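Working through the structure, step by step
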Amino acid sequence: MKRLVLLLFAVLLLMTGCTVTTLSNVDVGSNIKTILTDKAELYNVYFEGYKYYVPKGLQFVNKDQYNAKFTDSVGNKYYLYVDAISYFHKIENTYEENETSHYSRKLNYGKKTGYIQIDKQEDGKYLINFMFNYAKMEAYVSEEDLISVVNNMAYVLRSITFNDKVLESLIGENILSYQEETFNLFDTKSASTENFLDEVAKYDKNYKKSIDEDKIDLDDE
């Protein structure tokens, strides 16, 4: 009898070890905190007014103004928006955690704020909205890719660094042009699969051209 119990226990351990890691059974909050609070200062992408780091495993596809697109080794698409205007105006984080979401947390580390919200869709996939330090990333992925995609996003977002002097010259001199700008980076109420996919299709259609005119340097490590 004892041998049977031990055998069953061993089988359970093996089954547990083979379980796919998802946002439901790991301490994601701790994982995100570890990445976002890491003070590693690595940069391999440089633009006017800001710079950031793209980790190994992500490929830079294209960029238009403050928007950029990436893909990973399994084909997931990531969309980044760097909100230099909200940074320039120091817009406060007004995000409220959503109890109906698969995962929703307000973030505040080292005087940098943001949020992460993940919503499960009808087709079983997940829409990720991850904002930190005046930059936002979105992706639409399967459950098995949630952890890796969120980690990749965290590595990019934590590295966003702005150049105040350059932004002052870019935005400050054109302040009248930005007075009617809508600051909705912290608002996810309008986020939906349809809206996201519409924007993805629009982005892919309009920005397939080369980005040779931009200064991009992705160094291999």
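Residues numbered from 1 in each chain as written. Predicted model: local features only at pLDDT ≥ 70, side-chain atom pairs only at ≥ 80, totals over all residues. Heavy atoms only, no water.

1. Structural notes on the overall build of the chain
The secondary structure content of the chain amounts to six helices and ten strands. By residue count, 41% of the 221 residues in the chain fall in the buried class. Sequence-distant contacts, at least 24 apart, represent 57% of the contacts inside the chain between residues at least 6 apart. (Helix = DSSP H or I, 4+ residues; strand = E, 2+ residues; numbered from the N terminus. Buried < 20%, exposed > 50% of the residue type's maximum accessible area, 1.4 Å probe, protein only. Contact = heavy atoms within 4.5 Å.)

2. Some thoughts on helix α4 (residues 146-159)
If you check α4, its first and last C-alpha atoms are 20 Å apart, about what 14 residues at 1.5 Å a residue would give, namely 20 Å. Burial within α4 is extensive, with twelve of its 14 residues counted as buried. Of the residues making up α4, those classed as buried are L146, I147, V149, V150, N151, N152, M153, A154, V156, L157, R158 and S159. (Expected span 1.5 Å × (residues − 1).)

3. Here's the deal with the pattern of salt bridges
Tallied over the entire structure, the rule returns two salt bridges. With a shortest N-O distance of 3.1 Å, R158 and D38 are connected by a salt bridge. In this pair, R158 sits in helix α4 while D38 sits in the loop between α2 (28-36) and β1 (45-47), placing the two residues 120 residues apart along the sequence. A relative accessible area of 13% places R158 in the buried class. (Salt bridge = Lys/Arg side-chain N within 4 Å of Asp/Glu carboxyl O.)

4. So, the packing of aromatic side chains
Applying the stated criterion across every chain, the model contains ten aromatic pairs. A ring pair is formed by F47 and Y50, whose centres lie 5.6 Å apart and whose planes are at 50°; its orientation type is tilted. As far as burial versus exposure is concerned, F47 and Y50 are alike and both buried. Ring plane angle 75° and centroid distance 6.4 Å describe the contact between Y52 and F70, whose orientation is recorded as edge-to-face. In this pair, Y52 is assigned in strand β2 (residues 50-52) and F70 in strand β4 (residues 67-72), connecting sequence segments 18 residues apart. An aromatic cluster of at least three residues, connected via ring pairs, comprises F47, Y50, Y52, F60, Y66 and F70. Directly above the aromatic system of Y43 lies the positively charged group of K51, at a separation of 4.3 Å from the ring centroid. (Phe/Tyr/Trp six-rings, centres within 6.5 Å; stacked < 30°, edge-to-face > 60°. Lys NZ or Arg CZ within 6 Å of the ring centre and 35° of its normal.)

5. Side note on the pairing of β4
The element β4 is extensively covered by neighbouring structure, given that five of its six residues are classed as buried. In terms of strand pairing, strand β3 (residues 58-64) meets β4 through six bridges, oriented antiparallel. Its bridge partner being in β4, L58 is matched across the sheet by D72. Linking two consecutive strands that pair antiparallel, namely β3 and β4, is a turn of two residues; a positive phi of about 55° is found at Q65 within it. Relative to strand β5 (residues 77-82), β4 runs antiparallel, the two sharing five bridges. Looking at the pairing, F70 lines up with Y78 of β5. The turn joining β4 and β5, which pair antiparallel and follow one another in sequence, is formed by four residues; a positive phi near 95° is taken by G75. (Pairing = 2+ DSSP bridges.)

6. As for the sheet that holds β1
Sheets are built from strands paired through backbone hydrogen bonds, the pairs being either parallel or antiparallel. Read across the open sheet, the three strands follow the order β1-β2-β10; overall the sheet is antiparallel. Two strands in the sheet have a free side with no partner beyond their single neighbour: β1 and β10 (161-162). Here two bridges tie β2 to β10, and the two strands are oriented antiparallel to one another. If you follow Y50 over to β10, its bridge partner there is F162.

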